Amino acid sequence: MTFFRSLTAPIAALAMAMPAFAADGVTGSAVTFAQVAALNGPAGALGSGMRDGIMAAFAEANSAGGIHGRTVSLESFDDGYEPDRSVAAVRSVIVGGAHLGFIGPVGTPTSAATQPVATESNMPFIGPFTGAGFLRDPALSNVVNVRATYAAETEAWIAHLVDELGMESIAILYQDDGFGRVGLAGVTDALDRRGMTLAAEGTYTRNTTAVKSALLDIRKAKPDAVVMVGAYKPIAEFVKLSKKLKFEPTFVNISFVGSRALADELGPDGEGVIISQVVPFPWDASLPVVDAYQKALAAYDASASPGFVTLEGYLVGRVALRALDAAGPDVTRASFLDALGNLGSFDIGGLAFGYGAGDNQGLDSVFLTRITADGTFETVAAGEQHASR
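Keep in mind that this is a model prediction, so the values were computed, not measured.

Conventions we followed
- Residues numbered from 1 in each chain as written.
- Predicted model: local features only at pLDDT ≥ 70, side-chain atom pairs only at ≥ 80, totals over all residues.
- Heavy atoms only, no water.
- Helix = DSSP H or I, 4+ residues; strand = E, 2+ residues; numbered from the N terminus.
- Rg over C-alpha atoms; globule rule 2.2 N^0.38 Å.
- Buried < 20%, exposed > 50% of the residue type's maximum accessible area, 1.4 Å probe, protein only.
- Contact = heavy atoms within 4.5 Å.
- Areas by Shrake-Rupley, 256 points an atom, 1.4 Å probe, with all protein chains shown as cover.
- Lys, Arg positive; Asp, Glu negative; His and termini not counted.
- Charge placed at Lys NZ, Arg CZ, Asp CG, Glu CD.
- Expected span 1.5 Å × (residues − 1).
- Domains from an automatic or database assignment.
- Buried area = accessible area lost by both parts, 1.4 Å probe.
- Core = buried A, V, L, I, M, F, W, Y, C linked by side-chain atoms within 4.5 Å.
- Axes fitted to C-alpha atoms, helices over the stretch in contact; angles between N-to-C directions.
- Parallel < 35°, antiparallel > 145°, perpendicular 65-115°, else oblique.
- Left-handed = near helix turned anticlockwise from the far one by under 90°.
- Pairing = 2+ DSSP bridges.
- Right-handed = clockwise from strand over helix to strand, strands pointing away.
- Salt bridge = Lys/Arg side-chain N within 4 Å of Asp/Glu carboxyl O.
- UniProt positions renumbered as here; feature names shortened; annotations may be inferred.
- Nonpolar A, V, L, I, M, F, W, Y, C, P; charged D, E, K, R; others polar.

### Structural notes on the overall build of the protein
Reasoning step 1: Of the regular secondary structure elements, the protein holds 12 helices and 16 strands.
Reasoning step 2: For 389 residues, the compact-globule formula gives about 21 Å, and the C-alpha radius of gyration of the protein, at 20 Å, lands near that figure.
Reasoning step 3: Projected onto its principal axes, the C-alpha positions of the protein cover 60 × 45 × 40 Å.
Reasoning step 4: Split into buried and exposed, the 389 residues of the protein put 58% on the buried side.
Reasoning step 5: Counting contacts in the protein only where the partners sit at least 6 residues apart, residues at least 24 apart contribute 69% of the total.
Reasoning step 6: For the protein, the accessible surface area stands at approximately 14400 Å², while carbon and sulfur atoms represent 51% of it.
Reasoning step 7: Between the mean site of the 27 positive side-chain charges and the mean site of the 41 negative ones, the protein shows a separation of 6 Å.

Right, dumping it as structure tokens:
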């Protein structure tokens, strides 16, 4: 069972509207998690995708009898990818006392605002859809990450563009906030290690598609590639405007962009656009966890198509379920947090996760994909094309 609420009502009214649960979101028959994420607006597909993947994992577990006889459910709240709204929702959830913890939040600026609130209240903060380094601080005992960092993604970009393809001029477009600046730092560090600097940089304001000024500035530098740190709607606008102006460098995007959403927004203009990924290829059913994900997603929503965001949500859900199982039949928030802190190394369907002392991130891999002419994806390695979908 899933719920979705827009944060238009006052916080007090929202808290009162919540169903009556036992302490910490646990009853004799159910456990409930909260997701605070963008479900509408320029980043809405990211929160919705994470929600669908998490729910597919939860529904899969529920169909097998739940965890220690309890069904697992998710209640989602739309923060519009705005930090203030996100904080209001998180505080409301904490005051309501009807959820075991937070799962699947989306974004660096929103997580930067809400993680301290969750940590102060010792609320689990599981699987944020961001590679920001501050969430990897080992002191954050309530935070569990699944994906690799943005620093790893940006290093993979520059290794491909410079080391493999021999490009000499790299520009960047980034969202003008904490998220974008994390990406900017990763790119400048990767270039610095190679004795290079950015050819140009441009910014846009979060939750807008106002990218034309940045495009005109970047185009003057005539870069070989433009690397981009943003959400799918403004990035799509930048690429489409670029092609109208006959400006066609190699375009490279961070995983946060939302691959399927970006490909859909770009249509025929998407061919050749590169996106880094931090989860396995969602169509490679030879990997057992991907096969399980595809079946779980289809069972949850027969109309849903596999994709990188829903796969990440599914993996986040599976990690949370593993900890919930380890917390035992008498689960409390304290025992669940203890289980999260002792996940260790484990395998889910052929995918190896590794947590440990000072390491709250389970996966480290990054790989590159490219949008094809028909709007699907192919993997990219050492400049060569591999399995396509």
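### Side note on helix H11 (residues 308–326)
Reasoning step 1: Across its 19 residues, H11 extends 27 Å between first and last C-alpha, which sits within 8% of the 27 Å expected from 1.5 Å per residue.
Reasoning step 2: Gly328 lies just past H11 and shows a positive phi near 90°.

### Overview of the domain arrangement of the protein
Reasoning step 1: Here the protein is partitioned into domain 1 (26–148 + 283–358) and domain 2 (150–277 + 368–379).
Reasoning step 2: Taken together, the contact between domain 1 and domain 2 spans 23 residues of the former and 23 residues of the latter.
Reasoning step 3: At the boundary of domain 1 with domain 2, total buried surface from both sides reaches about 1700 Å², with 64% on carbon and sulfur atoms.
Reasoning step 4: When the area that domain 1 buries against domain 2 is broken down by residue, the three leading residues are Pro42, Tyr81 and Phe308, summing to 36%.

### Section: the nonpolar core
Reasoning step 1: Formed by 112 residues in total, the largest nonpolar core has its most connected members in Phe33, Phe256, Leu315 and Phe353.
Reasoning step 2: Ranked by residues supplied to this core, first place goes to H11 with 11 residues.
Reasoning step 3: Counting the residues that make up this core, at least three belong to each of domain 1 (26–148 + 283–358) and domain 2 (150–277 + 368–379).
Reasoning step 4: Once you skip the residues sitting within four places of it in the chain, Phe256 turns out to touch Leu46, Tyr81, Val106, Gly107, Phe129, Tyr150, Phe179, Gly230 and Ala231.
Reasoning step 5: Of all hydrophobic cores here, the second largest spans 14 residues; its members include Ala34, Ala89, Leu135 and Val143.

### A closer look at the packing of helix H2 (residues 44–63) against H11
Reasoning step 1: One way to put it is that H2 packs onto H11 with a least axis distance of 7 Å and a crossing angle of 45°. As far as their axial angle goes, H11 and H2 are oblique. Remark: the crossing between H2 and H11 carries right-handed chirality. Taken together, the residues of H11 that come into contact with H2 (itself represented by Leu46, Gly49, Met50, Asp52, Gly53, Ile54, Ala56, Ala57, Phe58, Glu60 and Ala61) are Val309, Thr310, Glu312, Gly313, Tyr314, Val316, Gly317, Arg318 and Leu321.

### Let's talk about the pairing of strand S3 (residues 71–78)
Reasoning step 1: Counting buried residues in S3 gives seven out of eight residues, a clear majority hidden from the surface.
Reasoning step 2: Of the strand pairs in this sheet, strand S2 (residues 30–37) and S3 are connected by eight bridges, and their pairing is parallel. Along S3, the bridge assignment pairs Ala30 with Thr71.
Reasoning step 3: Considered for its hand, the β-α-β crossover made up of S2, H2 and S3 is right-handed.

### What about the pattern of salt bridges?
Reasoning step 1: Following the criterion strictly, the structure yields 17 salt bridges and no others.
Reasoning step 2: For the salt bridge of Asp163 with Arg194, the shortest nitrogen-to-oxygen distance reads 2.9 Å. Here Asp163, found in helix H5 (residues 150–164), pairs with Arg194, found in the loop between helix H6 (178–192) and strand S8 (200–204); they are 31 residues apart in sequence, far enough to count as distant.
Reasoning step 3: Salt bridges sharing partners connect three or more residues here, namely Glu155, Asp163, Arg193 and Arg194.

### Regarding the UniProt feature "domain: Leucine-binding protein" (unreviewed entry) in the protein
Reasoning step 1: In the numbering used here, UniProt assigns the "domain: Leucine-binding protein" (unreviewed entry) feature to residues 31–375.
Reasoning step 2: Segment residues 31–375 splits into 43% helix and 17% strand. End C-alpha atoms: 39 Å apart.

### Here's the deal with the packing of helix H7 (residues 212–220) against helix H8 (residues 232–244)
A pair of packed helices is captured by two measures, namely the crossing angle of their axes and the spacing between those axes.
Reasoning step 1: As a packed pair, H7 and H8 sit with axes 10 Å apart at the nearest point and diverge in direction by 50°. Relative to H8, the element H7 lies oblique. H8 is crossed by H7, and the crossing has right-handed handedness. For the pair H7 and H8, the contacting residues are Lys212, Ala214, Leu215 and Ile218 in the first and Phe238, Leu241 and Ser242 in the second.
Reasoning step 2: When the residues that make up the contact of H7 with H8 are grouped by side-chain class, the tally is five nonpolar, one polar and one charged.

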